[in-house]
Amino acid sequence: MAKDQKVRILLGTRKGAFIATSDRRRRTWKISAPALESNDVYHVAADPRHPGHLYAAANNEFWGPMVQQSSDWGKTWRETATPLTPVSKDRPHGDGPVPAGPIIHLWHFEPGPSEQPGRLYLGADPHLLFRSDNLGESWEPVEGINQHPNRKDWQPGNGGACLHTVVLDPRDARRIYVGMSSVGTFRSEDGGRSWTPTNKNVECPFLPEESRFPETGQCVHKVAIDAANPDTFYRQDHGGIYVSHDRMNSWTRIGKELGDDFGFGVASPPARPGIAYFVRLDGFRVTNGHFQVQEWNDKTRRWKLLLKATAFPGRFTVLREAVATDALDPPGIYVGTTTGQVFVSPDAGKSWQVLPFVFPAIRSVSVAGPAAQ
Amino acid sequence: MLEVRYDGWLREFGAPNREQLEAGSLAELLETVEQRHPRLRFKLRDETGQLRRYVRVFVDGSDVSGSTGVTTSLAGARTIDILHSIAGG
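The shown structure was predicted, so the numbers you read here are calculated from the model rather than taken from an experiment.

Criteria and cut-off values
- All residue numbers refer to position in the chain's written sequence, counted from 1.
- Written order decides the labels, with chains lettered from A and ligands numbered from 1.
- At least 70 in pLDDT is required for a residue's local features to be given in this predicted model, at least 80 for side-chain atom pairs to be given and counted, and no such filter applies to totals for whole chains, interfaces and linings, which use all residues.
- For the side-chain quantities, the full set of heavy atoms in the structure was used; hydrogens and water were omitted.
- Helix and strand definitions follow DSSP, with helices as H or I runs of at least four residues and strands as E runs of at least two, each counted in order from the N terminus.
- Only protein chains enter the accessibility calculation, which uses a 1.4 Å probe. A residue is then buried if its area is under 20% of the maximum for its type, exposed if over 50%, and partly exposed in between.
- The contact criterion used is simple: two residues touch if any of their non-hydrogen atoms lie within 4.5 Å.
- Accessible surface is estimated by sampling points in the Shrake-Rupley manner with a 1.4 Å probe; for residues, cover comes only from the protein chains shown.
- Asp and Glu count as negative and Lys and Arg as positive, but His and the ends of the chain are not part of the count.
- Note on charges: their place is set at NZ of Lys, CZ of Arg, CG of Asp or CD of Glu.
- Classification of ring pairs rests on two measures: the distance between centres of Phe, Tyr or Trp rings, Trp counted by its six-membered ring, which must be within 6.5 Å, and the angle between planes, read as stacked under 30 degrees, edge-to-face over 60 and tilted in between.
- Here, a charge over a ring means that NZ of Lys or CZ of Arg falls within 6 Å of the ring centre while also lying within 35 degrees of the ring normal.
- What makes two strands pair is DSSP finding at least two bridges between them.
- Orientation is described by lines fitted to C-alpha atoms, with helices fitted over the stretch in contact, and by angles between N-to-C directions that extend from 0 to 180 degrees.
- As used here, buried area is the combined drop in accessible area, with a 1.4 Å probe, of two parts when they are placed together.
- We define a salt bridge as a contact between a side-chain nitrogen of Lys or Arg and a carboxyl oxygen of Asp or Glu at a distance within 4 Å.
- We call two N or O atoms a polar contact when they sit within 3.5 Å, provided that within protein one can donate a hydrogen and the other can accept it, with sequence-adjacent residues counted only if both atoms are side-chain atoms.
- Polar here means any residue other than Ala, Val, Leu, Ile, Met, Phe, Trp, Tyr, Cys and Pro, which are nonpolar, and Asp, Glu, Lys and Arg, which are charged; Gly is therefore polar.

Draft legend 1. Local environment of the overall build of chain A. The helix and strand tally for chain A stands at one helix and 29 strands. Overall, chain A is about 55 × 50 × 40 Å in size when its C-alpha atoms are taken along their principal axes. Here chain A holds 373 residues, and 60% of them are scored as buried. Long-range pairs, those at least 24 residues apart, make up 50% of the contacts in chain A between residues at least 6 apart in sequence. A total of about 14,700 Å² of accessible surface is found on chain A, and carbon and sulfur atoms cover 51% of it. For chain A, the distance from the average position of its 43 positive side-chain charges to the average position of its 40 negative side-chain charges is 5 Å.

Draft legend 2. Geometry of the packing of aromatic side chains. This structure, assessed with the given rule, holds 23 aromatic pairs over all chains. On the numbers, 6.5 Å between centres and 80 degrees between planes, the contact of Trp 63 of chain A with Phe 13 of chain B is edge-to-face. One end of the pair, Trp 63 of chain A, is in the loop between strand S5 (54-60) and strand S6 (64-70); the other, Phe 13 of chain B, is in the loop between strand S1 (2-6) and strand S2 (18-21), on a second chain. A single burial state applies to Trp 63 of chain A and to Phe 13 of chain B, both of which are buried. Every member of this aromatic cluster is reached through a ring pair, and the members are Phe 62 and Trp 63 of chain A together with Trp 9, Phe 13 and Tyr 54 of chain B. When the ring centre of Trp 73 of chain A is taken as origin, the NZ or CZ atom of Arg 8 of chain A, which lies over that ring, is 3.8 Å away. The ring centre of Trp 251 of chain A lies 4.9 Å from the NZ or CZ of Arg 235 of chain A, which sits over that ring.

Draft legend 3. A look at the sheet that holds strand S28 (residues 353-354) of chain A. Residues and elements named next belong to chain A. What the four strands build is an open sheet, ordered S25-S26-S27-S28; its pairing is antiparallel. Strands with a single pairing partner mark the edges of an open sheet, and in this sheet they are strand S25 (323-325) and S28. Note: strand S26 (residues 333-336) against strand S27 (residues 342-345), four bridges, orientation antiparallel. Bridge pairing links Gly 336 to Val 342 in S27.

Draft legend 4. Region of interest: the sheet that holds strand S5 (residues 79-84) of chain B. Residues and elements named next belong to chain B. On the basis of which strands lie adjacent, the open sheet formed by five strands has the order S2-S1-S5-S3-S4 and mixed pairing. Two strands close off the open sheet at either side, each with one partner strand: S2 and strand S4 (62-63). Sheet contacts for helix H1 (residues 26-36): S1, S2, strand S3 (55-59) and S5; angle to S2, the most-contacted strand, approximately 120 degrees.

Draft legend 5. Local environment of the pairing of strand S8 (residues 105-111) of chain A. All names here are of chain A. The element S8 is largely enclosed, with a buried count of five among its seven residues. In terms of strand pairing, S8 meets strand S9 (residues 120-125) through six bridges, oriented antiparallel. Paired with Leu 106 across the two strands is Ala 124, which belongs to S9.

Draft legend 6. How the structure looks around the environment of Ala 81 of chain A. All names here are of chain A. As for its placement among the helices and strands, Ala 81 is situated in the loop between strand S7 (78-79) and S8. C-alpha separation for the pair Ala 81 and Arg 285, spaced 204 residues apart in sequence, amounts to 36 Å. Excluding residues that lie within four positions of it along the chain, Ala 81 makes contacts with Val 67, Gly 136, Glu 137, Ser 138 and Trp 139.

Draft legend 7. Here's a closer look at the interface of chain B and chain A. Contact with chain B, which involves 20 residues of that partner, is made by 18 residues of chain A. Both faces considered, chain B and chain A share a buried interface measuring about 1,600 Å² in area, 62% of it formed by carbon and sulfur atoms. Ranking the residues of chain B by area buried against chain A places Trp 9, Lys 43 and Glu 47 of chain B at the top, with a combined share of 37%. As a salt-bridge pair, Lys 43 of chain B and Glu 79 of chain A come within 2.7 Å of each other at their nearest N and O atoms. Taken together, the links from chain B to chain A amount to four residue pairs in polar contact (both at pLDDT 80 or more). Residues belonging to the side of chain B that touches chain A are distributed by class as follows: seven nonpolar, four polar and nine charged.

So, to be careful, I would describe these as geometric facts and stop short of saying anything about function.
What follows is the structure in structure tokens.
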């Protein structure tokens, strides 16, 4: 059977999940009816090990957070198990510090490596990481990070106490990275048993001048791995844009020349090593009042603005999960806004269109599709 | 015997319109409800056992959600309504 060549944009919104489908050209898109409509969907992730399998972080204002799973590209959904915090009456916990309350929101799914076909990771608020080895039918807390001794100093950010980033090293399934708002990034080398903070040289501009480079407390907004150079990471932090070339042992600020390098999302296309896309924000809206995407080239160490100021004027807001790319070459770039637009470039930023639909406020954008040939 | 009436939205999670149950307290009633309808587990209460913020439980017409909550005694009670809060304006 021919491999599925469709490209699907998976959208998590304030009022459900949507899927826009196209072919490899990515010029015309068919938009699905909404699913999970009564839920605030923070993330929709496809599992590349099991084509058609999707996971949605469905946060219901009334009935709480739910893990929703589909095996048919989102045509039908069912609720699987909900993870429990260490404070739950059903789950005794160890001696480490634990969160004071229940799970507030589910944030981010990360499918495991191909050699662990049942493994999923799930990040949640308040600063929690869970692991499943049966595709979400049950969850275990990753206590090494959830009860990290440093936890007593962790605070929530404006978006909550979210563990929003989980990155796996494609060469070694034991090496895992997480990013948490107002806490920073951590790395595990032993499959999640122990974790080391990895925030060296990342500035906290909101702290007093003499203490702006702490071990933790950085408000990381999102991190992307460079798939072809998995020691390299691109980081959008509250305090600016950074790159690391040594598995997050240290960071170098690269955004300063942009002037204001605040923002939320970042994505790095697998087919173009050394490239990362960022959307600069002035506070919570795009800088200078027009939609823009900045491309960082890590080989030339130069920035390039991918859109003219006249292309899409407006005061758009783009959240941390709402910048995505695909695996094709040229890579597609996909950006969702809180006012319901999805900007799409099928050719690495040369041309752009807005999907012909106004969605509810967009929380997340991710892409499922074929790889470059 | 208590008459328990459910919010229509809860049918999505397997709740009936209404049913007859016995319990001495609201916590005990919710344990029974969750055993009978497992998909309601963690919908009405979070994993610490407390009522979710926007779940409202009325005992014989009185909202106990923000006062005695799950510790409410149901001795002598006849009707329990389990609803979600509604805001508007």
